[in-house]
Amino acid sequence: MKLKSIYLTALFLSFFILNANAQKGWINLFNGKDLKDWNIKIAKHDYNENYANTFRVENGVMKVSYDGYNEFDQQYGHIFYKKPFSAYLLKLTYRFVGEQAKGGEGWATRNSGAMLHCQDPATMLKDQDFPISIEGQILGGDGEHERHTSNVCTPGTLINYNGKLFTPHCLDSKSKTYAGDQWVTAEFLVLGDSVIKHIIDGEVVLEYTKPQIGGGNVSNFDPKVKTDGKALTSGYISLQSESHPIEFKTVQLYDLEAYMKDRAKLDKVLAKILKE
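Residues numbered from 1 in each chain as written. Predicted model: local features only at pLDDT ≥ 70, side-chain atom pairs only at ≥ 80, totals over all residues. Heavy atoms only, no water.

## A look at the environment of proline 211
Structurally, the position occupied by proline 211 is in strand β15 (residues 203-213). When the C-alpha atoms of proline 211 and serine 133 are compared, they prove to be 8.9 Å apart, with 78 residues separating the residues in sequence. Beyond its immediate chain neighbours, meaning those up to four positions away, proline 211 contacts His117, Ile134, Leu158, Ile159, Gly192, Asp193, Ile196, Ala231 and Leu232. (Helix = DSSP H or I, 4+ residues; strand = E, 2+ residues; numbered from the N terminus. Contact = heavy atoms within 4.5 Å.)

## Some details on the packing of aromatic side chains
Per the stated rule, a full pass over the model turns up 13 aromatic pairs. Taken together, a centroid distance of 5.0 Å and an interplanar angle of 85 degrees make the contact between tyrosine 51 and tyrosine 69 edge-to-face. Here tyrosine 51 is found in the loop between β2 (38-42) and β3 (55-58), whereas its partner tyrosine 69 is found in the loop between β4 (61-64) and β5 (77-81), with 18 residues between them in sequence. Judged by relative accessible area, tyrosine 51 falls into the partly exposed class, the value being 24%. (Phe/Tyr/Trp six-rings, centres within 6.5 Å; stacked < 30°, edge-to-face > 60°. Buried < 20%, exposed > 50% of the residue type's maximum accessible area, 1.4 Å probe, protein only.)

## As for the side chain of lysine 226
In this structure, lysine 226 sits in the loop between β15 and β16 (236-241). Among the polar contacts listed, one links the side chain of lysine 226 to the side chain of aspartate 228, at a separation of 2.7 Å. Excluding anything up to four places from it in sequence, lysine 226 contacts Ile132, Gly156, Ile213, Gly214, Gly215, Val218 and Phe221. (Polar contact = N/O pair within 3.5 Å; in protein donor to acceptor, adjacent residues only side chain to side chain.)

## Re the sheet that holds strand β12 (residues 170-171)
Taken in spatial order, the seven strands make up an open sheet running β2-β5-β16-β7-β8-β9-β12, and their pairing is antiparallel. Of all the strands in the sheet, the pair left with one neighbour each is β2 and β12. (Pairing = 2+ DSSP bridges.)

## Details of the confidence of the model for the chain
Confidence in the prediction for the chain averages 93 pLDDT; 91% of positions are at 70 or higher. Segment residues 1-23: pLDDT under 50, and zero contacts once partners within four positions in sequence are set aside and those in other chains are kept. (pLDDT = per-residue confidence, 0-100.)

## Let's talk about the pattern of salt bridges
Overall, the coordinates contain 13 salt bridges when judged by the stated rule. Residue aspartate 67 is joined to arginine 56 by a salt bridge in which the shortest nitrogen-to-oxygen separation is 2.8 Å. Taken together, the positions of aspartate 67 in the loop between β4 and β5 and arginine 56 in strand β3 put the pair 11 residues apart, joining distant regions of the chain. Between glutamate 247 and arginine 95 there is a salt bridge whose closest N-O contact spans 3.0 Å. Taken together, the residues span a long stretch of sequence, with glutamate 247 in strand β17 (residues 246-255) and arginine 95 in strand β6 (residues 87-96) at a distance of 152 residues. (Salt bridge = Lys/Arg side-chain N within 4 Å of Asp/Glu carboxyl O.)

## Re the pairing of β2
Taking burial as the measure, the five residues of β2 include five buried ones, the bulk of the element. Where burial is concerned, the two faces of β2 agree: the one with Trp38, Ile40 and Ile42 and the one with Asn39 and Lys41 are both buried. Here β2 runs beside β5; their pairing, made up of five bridges, is antiparallel. Looking at β5, one finds that isoleucine 40 is bridged to isoleucine 79.

## Let's talk about the pairing of strand β14 (residues 195-200)
Of all the six residues making up β14, five are buried; the element is thus mostly covered by neighbouring parts of the structure. For strand β13 (residues 184-191) and β14, the ladder comprises six bridges, and the chain directions are antiparallel. Along β14, the bridge assignment pairs leucine 189 with lysine 197. Once β13 ends, the chain turns through three residues before running back antiparallel as β14, passing glycine 192 with a positive phi of about 55 degrees. Relative to β15, β14 runs antiparallel, the two sharing six bridges. Directly across from isoleucine 199, in β15, lies its bridge partner valine 204. Hairpin connection between β14 and β15: a loop of two residues separates the two successive antiparallel strands, and aspartate 201 in this loop has a positive phi of roughly 50 degrees.

## Observations regarding the state of the cysteines
Applying the stated criterion to the full structure yields one disulfide. Here cysteine 153 engages in a disulfide with cysteine 170; their sulfurs sit 2.0 Å apart. Given an S-S torsion of about 110 degrees, the disulfide between cysteine 153 and cysteine 170 has right-handed geometry. Highlighted residues: cysteine 153 in strand β9 (residues 151-153) and cysteine 170 in strand β12, separated in sequence by 17 residues. Overall, cysteine 153 belongs to the buried group, its relative accessible area being 1%. Classification of cysteine 170 as partly exposed rests on a relative accessible area of 34%. Free of any disulfide, cysteine 118 has its nearest neighbouring cysteine sulfur in cysteine 153, separated by 13 Å. Residue cysteine 118 is classed as buried on the basis of its relative accessible area of 3%. (Disulfide = S-S within 2.5 Å.)

See the structure below:
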């Protein structure tokens, strides 16, 4: 009986250690099977109403689709991971497919985004269009024009760029244009309110600092949530539905919070995971 007890204790400790180590590695925010770890907010609809099955999983891919819409009618949607993060590397693989939904805005053609440091989706009002957040804007080529991807837009927020407060709504990255339905991998390195870097194909294509609440470009929000001047040190992560079908094959995150007080360890971990 004593030997059995020792064996069970050792087994439990091994499981605990393995689980703890796993939590220090890559986390699959999207499990490839369902949306159980995600919450949905679509403008003009209640929290967690997945209107017209906009967000769905088919063949191991998260799809944003509009086959159930008669008209898009500015029903901007976002699907939020269940918990907030502060410091992390977010990696997602996406592609645009098909045709834009009827009634979608011209600027929203082949347009989506990874929203960083979002407000709690439960605090969004029914008719609110976008979460107060920093948008890692995802664009696909239209076959005619240069369209950089991994840009930044600022619904209800502001950033510093080149050491100065940047007040326009969007800022282009220096990425190349990705046309057609090819899969593209985008990474976003977010370190609290200190720095955010957008990375495509291993290259930093955009970098800015000091994200904070402020500015416009968000409508029908609760004024109590929009505390202008407040630093964005953490928040939720969401993916957009803006009227053009898009698919996400992977959505992964490496939590860096544990390394934020040790720059040497942080740099070592980043040097490793940015190669993966």
